[in-house]
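The chain contents come next:
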Amino acid sequence: MDEKNTEIYEVIKEHLTGRGIDAAVVTLEADLTQNVGLDSLDVTELTLALEERFNIEIPDEELEGLVTVKDAVDLVAAKVAVEA
Amino acid sequence: MPDQVALVTGGSRGIGRAIAVALASKGMSVGINYRSGADEAKETLRLVEEAGGNGVCVGADVSSKDEVDRMFTEVEDAFGPVSVLVNNAGIRRDGLALSMKDDAWDEVIAINLFGTFACCRRALRGMVRARYGRIVNVSSVAGVSGSPGQANYSAAKAGVIGLTKTLAREVASRNITVNAVAPGVVETELTTSLPEARYDELVGTVPAGRAGTPEEVAALTAHLCDPASSYTTGAVFVIDGALTA
């Protein structure tokens, strides 16, 4: 992973551990729902936090393809790249 | 449980003022929103302080997303995150649908419906994070039954009920309750500004034989805002002296 993606991954980890989730669970391959245990409101909270932190906008439609932690990293990375 | 910080929109007079005072007397800090009545909001603040609470007046038009954001920020700066929201701000621009102008429709929907949504959305960010919240939306019996001459108002207030029920389902797992109260004929400027004959006629249809008072609406609203009212959510409470019974 390049520096940007690592930073995004760390932000995601920090957000989720702040919500009481064990950092060890938050691997790149982890399924946000199945493995990390997030519900749809948790995912929305996470994306709001990412929007705020990276100054991007993630439309709700784009959340549909979001399955793993890596998907979230890639989604944010793509947005950041466009807006940079 | 987080600090009890309330925000009441349209808090400068009428039902909103009575709600602000009722919440203050429960020990809450209260943000008192107003749009044009700055002096009246100050009077609400005086009553809030007299009831033993803290308050702050915040001017904002709830139909503006940016003003809503600023309003919340001002209350948060004064007292901390908002844990109790009462969406009371509302206007009416009556007229038969047949001749209703677009702007009368748009303005009533913008303030009464979008304003309620915008405030809920802004408040929920903090409430979801805090895993706690109480929201009461002030609807109307006009949103439960039809109300000739109030197509815009009735549509907005019915919309508030749909919004309330949906939000209640979306955030129930986070210990956030969302309810609506639907007052009937209540002694406020909204009703006393009606032509006297129309007002008398309206009151004449109420089985209780009188109009309600803002304090009677505030009593139930404050109850719903209590931490103990934790399983009451997604409900609509008619307060109308049996008008729609």
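See above for the structure.
Remember, predicted model here, so these are calculated numbers, not experimental data.

Calculation notes
- Along each chain, residues carry numbers from 1 onward, in the same order as the chain's sequence is written.
- Lettering of chains starts at A and numbering of ligands starts at 1, both following the order in which they are written.
- Note on the predicted model: pLDDT of at least 70 is required for a residue's local features to be given, and 80 or more for side-chain atom pairs to be given and counted; whole-chain, interface and lining totals, by contrast, use all residues.
- The side-chain numbers reported here are obtained from all heavy atoms of the structure, hydrogens and water having been left aside.
- Numbered from the N terminus, helices here are DSSP runs of H or I no shorter than four residues, and strands are runs of E no shorter than two.
- Taken over C-alpha atoms, the radius of gyration is set against a globule rule of 2.2 Å times the number of residues to the power 0.38.
- Residue burial is assigned from relative accessible area. The probe radius is 1.4 Å, only protein chains are included, and a residue is buried under 20% of its type maximum, exposed over 50%, and partly exposed in between.
- Contact criterion: two residues are considered in contact whenever any of their non-hydrogen atoms come within 4.5 Å of each other.
- Working definition of accessibility: Shrake-Rupley area with a 1.4 Å probe, residue cover restricted to the visible protein chains.
- We treat Lys and Arg as the positive residues and Asp and Glu as the negative residues; His and chain ends play no part in the count.
- We put the charge of a Lys on NZ, of an Arg on CZ, of an Asp on CG and of a Glu on CD.
- Pairs of N or O atoms are called polar contacts if they sit within 3.5 Å, as long as, within protein, a hydrogen donor faces a hydrogen acceptor (for residues adjacent in sequence, only side-chain-to-side-chain pairs).

Enquirer: Outline the overall build of chain A, listing residues and values.
Expert: Within chain A, the secondary structure is distributed over three helices and zero strands. Mapped from its N terminus to its C terminus, chain A presents α and β elements in the order α-α-α. Against the globule reference of 12 Å for 84 residues, chain A gives a C-alpha radius of gyration of 12 Å, in line with a compact fold. For chain A, the C-alpha atoms occupy an extent of roughly 30 × 25 × 20 Å along the three principal directions. Here chain A holds 84 residues, and 44% of them are scored as buried. For chain A, the share of sequence-separated contacts (at least 6 apart) that also reach a separation of at least 24 residues comes to 57%. When the accessible surface of chain A is split by element, carbon and sulfur atoms take 48% of a total near 4700 Å². Where the 6 positive side-chain charges of chain A centre and where its 21 negative ones centre are 5 Å apart.

Enquirer: Break down the environment of Val185 of chain B for me, with residues and values.
Expert: Residues and elements named next belong to chain B. Examined against the element boundaries, Val185 turns out to sit in the loop between strand E6 (176-183) and helix H6 (189-192). Spatially, the C-alpha atom of Val185 lies 9.7 Å from that of Thr205, the residues being 20 residues apart in sequence. Ignoring any residue separated from it by four or fewer positions in sequence, one finds Val185 in contact with Thr191, Tyr199, Leu202, Val203, Val206, Ala211, Gly212 and Leu243.

Enquirer: So, the side chain of Thr116 of chain B: which residues are in play, and what are the values?
Expert: Residues and elements named next belong to chain B. For Thr116, the location among the structural elements is in helix H4 (residues 102-130). Among the residues examined, Thr116 registers a relative accessible area of 4% and is labelled buried. One polar contact links the side chain of Thr116 to the main-chain carbonyl oxygen of Asn112, over a distance of 2.8 Å.

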